[in-house]
Amino acid sequence: MLAGMTTNVVFGLLRLSIITAAVKAAHGEIANYDIAATNTYVWIGQGLLGFVLLWGNNELAERVRSGDVVVDLYRPWHLQGALLAEDVGRGGFALLVRLAPPMVFGMLLFPFQFPENPLRWPLFLLSATIALVISFGVRFLVEASAFWLLDNRGVYGFWNVTSGLLCGLTVPIAFFPEWARNALWASPFPALLQAPIDVFLGHGSAAKLLLYQAIWAVVVLALGHFMLQRAVRRVVVQGG
Amino acid sequence: MADVIYTRLIGARIRSQLAYRGSFAIDFVSQVMAQSYELIVILVLFGQVTALGGFSRDEVLLMYAFAGAAFGVADLFAGQLDNLPTYIRTGNFDVLLMRPLGTLPQIMCSDIRLRRIGRITGALAVMAYALSHVAVDWSPAKILLTVATPVAGAVIYGSVWVVACSICFWIVEGREFANAVTYGSNAFTSYPINVYARPLRWLMAFVVPGAFVAYYPSLALLGKQDPLGLPGWVGWTSPLVAVLAATAAGLVWRFAVRHYRGTGS
């Protein structure tokens, strides 16, 4: 726990220094990010990382490989729904121990951009919760690929390597060149981190961002549902 | 005898990885991509600004490449230390102690992951690009410096890895602490150190001697003045720092291993 927090803070400080240096070099502002907004962006990002659980543990994929998934499948539940419920429950706890501490750290030690409109706080929580659902949905797709691949470590590793950039964890998506920005916002990835941060910072219309997130939440969950339906037909129970 | 055993061990590890060529190819590509992650960050930032901490894009790329190549080599040999908590928790460390070979070399040879060469390849490509685009007043000494820097850097990173992982002898789940220092210093050393706030800079540049991996050698190579005021010859001291770091790491490791207690079963 403490170790995880230390790592989180160290990487937060590293990112903060580099982006701040860039913002200073650009005379105090890049794409609506001044020093305070950058600081806010970094520490919310570090918190959301653990809250939405960007990098999962690939447990379902391991269960597919070992065959244990059969036990999950013959239970009288919808596997995806059950895992989602579990993940939302985890999020409730993570809100206190993963999301709040880095944000408080940033508020206490650095200039912080609080929302002008207090309504942004509940909207941010809503947005973060939808982000958690989408994150679950994407992780579920990555893990369910094991039904076809058996060894999905390639896909899992690929997600772990690329997600930080795609979701706007490492650099704000607003810093990217226009073509990359358009391509990213047409994908579900910014909905995992950048969208809740934008809601908090007041970058763009909150209603639009929430709508964008909600649409992707539905799409990603629906994709997972159909994938699971197809996958179940493929399951071969090894051994006896 | 020991040298024959290690060559054979390493040979066996390498052959076993090349047995599955498809899997190896995918792993290799994903390592090249992992290395290009930070590259994209640098390029995105320099899409917005022309200088970072007073250094141009190609100069920062040079530091990034030095750091990447050094980290890749260190990861190849010392990355296995990330498994140390498992050895300690399960009591498998006893096995290493029973053999008439050093514990540290045994762990280092336990898993030479060739795919990490993907990382090194990516870094070397950027190094070639950066070196051809920055203004260097070439001399034989500077060519030597260019070759020595990634090697010295790898030794420094490797030493950091050993020291950081030694904490696992006291705190078994200390791996995340260790990662903050090892992977953290890779991120740290890819940029000019004057962009960091003072406490962080002192910790990661001088306590952990990260500044000697890429920053100071790059300054010496470019013939630039250190904005933080250290004299120019500091850039030539990286091999010395590497030797000191390796000595310190060896001592810390010996001290740590003496505090090891088996799990008993």
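Preceding this paragraph is the structure being described.
K.L.:
Account for the overall build of chain A, with residues named and values stated.
P.N.:
A count of helical and extended segments in chain A gives 11 helices and 0 strands. Overall, chain A is about 65 × 35 × 30 Å in size when its C-alpha atoms are taken along their principal axes. Per-residue burial over chain A gives 43% buried out of 240 residues. Sequence separation of 24 or more characterises 78% of the internal contacts of chain A that already satisfy a separation of 6 or more.

K.L.:
Can you lay out the overall build of chain B for me, pointing to particular residues and giving the numbers?
P.N.:
Looking only at helices and strands, chain B features 12 helices and 0 strands. Along chain B, helices and strands appear, N-terminal first, in the series α-α-α-α-α-α-α-α-α-α-α-α. The globule rule puts the C-alpha radius of gyration for 265 residues at 18 Å, and the 19 Å found for chain B is close to it. Projected onto its principal axes, the C-alpha positions of chain B cover 60 × 40 × 35 Å.

K.L.:
Explain the packing of helix 8 (residues 140-166) of chain B against helix 9 (residues 175-189) of chain B to me, and be specific about the residues and the numbers.
P.N.:
Residues and elements named next belong to chain B. Between helix 8 and helix 9, the least distance of the axes is 8 Å, while the angle of their chain directions is 165 degrees. Classified by the angle between their axes, helix 8 and helix 9 sit roughly antiparallel to one another. Helix 9 is crossed by helix 8, and the crossing has right-handed handedness. Together, V160, W161, A164 and C165 of helix 8 and A178, V181, T182 and S185 of helix 9 make up the contact between the two elements. Classifying every residue of the contact of helix 8 with helix 9 gives 6 nonpolar, 2 polar and no charged.

K.L.:
For the interface of chain B and chain A, give the residues involved together with the corresponding values.
P.N.:
Contact with chain B, which involves 29 residues of that partner, is made by 25 residues of chain A. If you list the elements that add at least two residues to the side of chain B that touches chain A, you get helix 2 (21-48) and helix 9 of chain B. Tallying contributions element by element places helix 2 of chain B first for the side of chain B that touches chain A, with 11 residues. Of the residues that constitute the side of chain B that touches chain A, the class distribution is 20 nonpolar, 7 polar and 2 charged.

K.L.:
Let's hear about helix 3 (residues 59-66) of chain A: which residues, and what values?
P.N.:
Residues and elements named next belong to chain A. Listed in full, the buried residues belonging to helix 3 are L60, A61 and V64. The buried side chains of helix 3 occupy one side of the element, clustering within an arc of 100 degrees when seen end-on. Among the exposed residues of helix 3, those oriented more than 90 degrees off its buried face are E59 and S66. Each element contacted by the buried residues of helix 3 is listed here: helix 4 (69-73), helix 6 (120-144), helix 7 (146-149) and helix 8 (153-166).

K.L.:
Explain helix 10 (residues 194-201) of chain A to me, using residue names and the numbers behind them.
P.N.:
Residues and elements named next belong to chain A. Most of helix 10 sits out of view: 8 of its 8 residues are buried. All buried positions along helix 10 are accounted for by Q194, A195, P196, I197, D198, V199, F200 and L201. Buried positions along helix 10 lie against helix 2 (35-53), helix 6 and helix 11 (206-234). Positive phi appears at G202, one or two residues downstream of helix 10, with a value of about 75 degrees.

K.L.:
Quick one: what's the story with the environment of A:A222, residue by residue and with numbers?
P.N.:
Position of A:A222 among the secondary structure elements: in helix 11. We classify A:A222 as exposed; it has 11 C-beta atoms within 10 Å.

K.L.:
Describe unusual backbone geometry, with residues and values.
P.N.:
All names here are of chain A. A positive phi is found at A31, a non-glycine position, where the angle reads about 40 degrees. In the Ramachandran plot, N58 falls in the positive-phi region, its phi being about 60 degrees despite a non-glycine side chain. Within the element layout of this structure, N58 appears in the loop between helix 2 and helix 3. You can call N58 buried: it has 21 C-beta atoms within 10 Å.

K.L.:
Let's hear about the packing of helix 2 of chain A against helix 5 (residues 79-109) of chain A: which residues, and what values?
P.N.:
All names here are of chain A. Relative to each other, helix 2 and helix 5 sit at 160 degrees, their axes nearing to 8 Å. Regarding the angle of helix 2 to helix 5, the classification is roughly antiparallel. At the point where helix 2 passes helix 5, the crossing takes the right-handed sense. On helix 5, the residues touching N39, T40, V42, W43, I44, Q46, G47, L48, G50 and F51 of helix 2 are G91, A94, L95, R98, L99, A100, P102, M103, F105 and G106. Classifying every residue of the contact of helix 2 with helix 5 gives 12 nonpolar, 7 polar and 1 charged.

K.L.:
With reference to specific residues and values, describe the environment of B:V126.
P.N.:
Residue and element names in this part refer to chain B. If you trace the backbone, V126 turns up in helix 7 (residues 117-133). For V126, a count of 22 C-beta atoms within 10 Å puts it in the buried group. For the pair V126 and G68, spaced 58 residues apart in the sequence, the C-alpha separation amounts to 9.4 Å. Every residue in contact with V126, bar those within four places of it in the chain, is listed here: L39, L61, Y64, A65 and G68.

The rules behind the values
Residues numbered from 1 in each chain as written. Chains lettered and ligands numbered in written order. Predicted model: local features only at pLDDT ≥ 70, side-chain atom pairs only at ≥ 80, totals over all residues. Helix = DSSP H or I, 4+ residues; strand = E, 2+ residues; numbered from the N terminus. Buried ≥ 20, exposed ≤ 12 C-beta atoms within 10 Å, placed from the backbone. Contact = placed C-beta atoms within 7 Å. Rg over C-alpha atoms; globule rule 2.2 N^0.38 Å. Axes fitted to C-alpha atoms, helices over the stretch in contact; angles between N-to-C directions. Parallel < 35°, antiparallel > 145°, perpendicular 65-115°, else oblique. Left-handed = near helix turned anticlockwise from the far one by under 90°. Nonpolar A, V, L, I, M, F, W, Y, C, P; charged D, E, K, R; others polar. Arc of directions from axis to C-beta.

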